[in-house]
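Read off the chains here:
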Amino acid sequence: MKIIELDEVDSTNEYCKRLETDEDVAVIAKRQISGKGTKGRVFISESGGVYLSVMRFYKEFICRDAFKIMVNSCVAVCKTLESYSVKPNIRWANDVLVGGKKISGTLIENSFANGGARSIVGIGLNVNNPIPDELKDTATSLSLFTLKKISAAEVGSELIRNLGKKYSVSEYKSYIDFFGEKVTLITPQGQREAVAIDVTDDGLLKVREEDGGISLISAAEVSLRNRWK
Ligand code: BTN
């Protein structure tokens, strides 16, 4: 796959959208000025982190494929972290944590036409970039966690290599350590508690509600919290 390396960009996802191509491409930047997070949030992207987007074109696309793309991204991040002897966990749907703190997030932007799709998988991974004081309770980086200075370029190359492999939903689930635990479901309407049971093959979180009922929840509606804060 073609790889475009940039010193600075607004957002690697936005850069991909501007490319006039129908070939798969990876765009990696040392720094982003307007990094985008999920749910319209800003993703602070100072030098030292990995800011990567992989744009792929699919001739046929079914809804279940959307979760497979998330699976591949999160597991590739986990495998990359493991190569630095770090034990990662996935916080459904798109965050990777180490030591209970977020180290990486994925923002996937899909668009559809004529039965096919263009998928842009944007991954931010904290390596040596500074973590602002106000986020230090909830976020970390590879260098903070390992107390070593690790090359962001090397981590980026390893991540691109891992993104070329195929991972299964069961591998994704093997990184989830909160099944059977009470989680807080945060919705625009308010919060409620439920016990996380499973993640379905199309990416829904299965929970047992406090009244004993089972619900299937989509990541678009709900964020999660438990012991991670
Ligand atoms: C999140 O955790 O909210 C998702 C963060 C995704 C950040 C990455 S960095 C590379 C790509 N370009 C962006 O503007 N966002 C994604």
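Residues numbered from 1 in each chain as written. Predicted model: local features only at pLDDT ≥ 70, side-chain atom pairs only at ≥ 80, totals over all residues. Heavy atoms only, no water.

**Observations regarding the site of the ligand**
Next, step 1: Around the ligand lies a shell of 19 residues, among which S11, Q32, K36, T38 and K102 are the nearest.
Next, step 2: A distance of 2.8 Å is found between an oxygen atom of the ligand and a side-chain nitrogen or oxygen belonging to S11.
Next, step 3: Separating a nitrogen atom of the ligand from a side-chain N or O atom of T12 is a distance of 3.1 Å.
Next, step 4: Computed on the free molecule, the ligand has an accessible area of 410 Å², of which 98% lies beneath the protein chains in the complex. (Near = heavy atom within 4 Å. Polar contact = N/O pair within 3.5 Å; in protein donor to acceptor, adjacent residues only side chain to side chain. Areas by Shrake-Rupley, 256 points an atom, 1.4 Å probe, with all protein chains shown as cover.)

**Some remarks on the pattern of salt bridges**
Next, step 1: For the structure on display, the rule yields 18 salt bridges.
Next, step 2: Put simply, D7 and K30 hold a salt bridge, and the shortest N to O gap is 3.2 Å. In this pair, D7 is assigned in strand β1 (residues 2-9) and K30 in strand β2 (residues 25-32), connecting sequence segments 23 residues apart.
Next, step 3: For K30, a relative accessible area of 53% puts it in the exposed group.
Next, step 4: Two residues, R91 and D95, come together in a salt bridge whose shortest N-O distance is 2.9 Å.
Next, step 5: Ionic contacts of the salt-bridge type, sharing partners, join the residues E14, K17, K36 and E109 into one network. (Salt bridge = Lys/Arg side-chain N within 4 Å of Asp/Glu carboxyl O. Helix = DSSP H or I, 4+ residues; strand = E, 2+ residues; numbered from the N terminus. Buried < 20%, exposed > 50% of the residue type's maximum accessible area, 1.4 Å probe, protein only.)

**Quick word on the domain arrangement of the protein chain**
Interfaces are often sized by the amount of accessible area the parts lose when they come together.
Next, step 1: For the protein chain, the domain assignment lists domain 1 (2-174) and domain 2 (182-228).
Next, step 2: The C-alpha centroid of domain 2 is placed 24 Å from the C-alpha centroid of domain 1.
Next, step 3: Taken residue by residue, the interface counts 12 residues in domain 1 and 16 residues in domain 2.
Next, step 4: In total, about 1200 Å² of surface goes out of reach between domain 1 and domain 2, with carbon and sulfur atoms giving 63% of it.
Next, step 5: For domain 1, the biggest contributors to the area lost against domain 2 are R64, R91 and W92; these three give 50% of the whole.
Next, step 6: Across the domain 1-domain 2 interface, the total number found is 1 salt bridge.
Next, step 7: Here K173 makes a salt bridge to D198, at a shortest N to O gap of 2.9 Å.
Next, step 8: Our count for the domain 1 to domain 2 interface comes out at 4 residue pairs in polar contact (both at pLDDT 80 or more). (Domains from an automatic or database assignment. Contact = heavy atoms within 4.5 Å. Buried area = accessible area lost by both parts, 1.4 Å probe.)

**Remarks on helix α4 (residues 152-163)**
Next, step 1: If you check α4, its first and last C-alpha atoms are 16 Å apart, about what 12 residues at 1.5 Å a residue would give, namely 16 Å.
Next, step 2: Along α4, the positions that sit buried rather than exposed are A152, V155, G156, E158, L159, I160, N162 and L163.
Next, step 3: Against the buried residues of α4 lie β1, β2, β3 (50-58), α2 (63-82), β7 (116-125) and α3 (142-146). (Expected span 1.5 Å × (residues − 1).)

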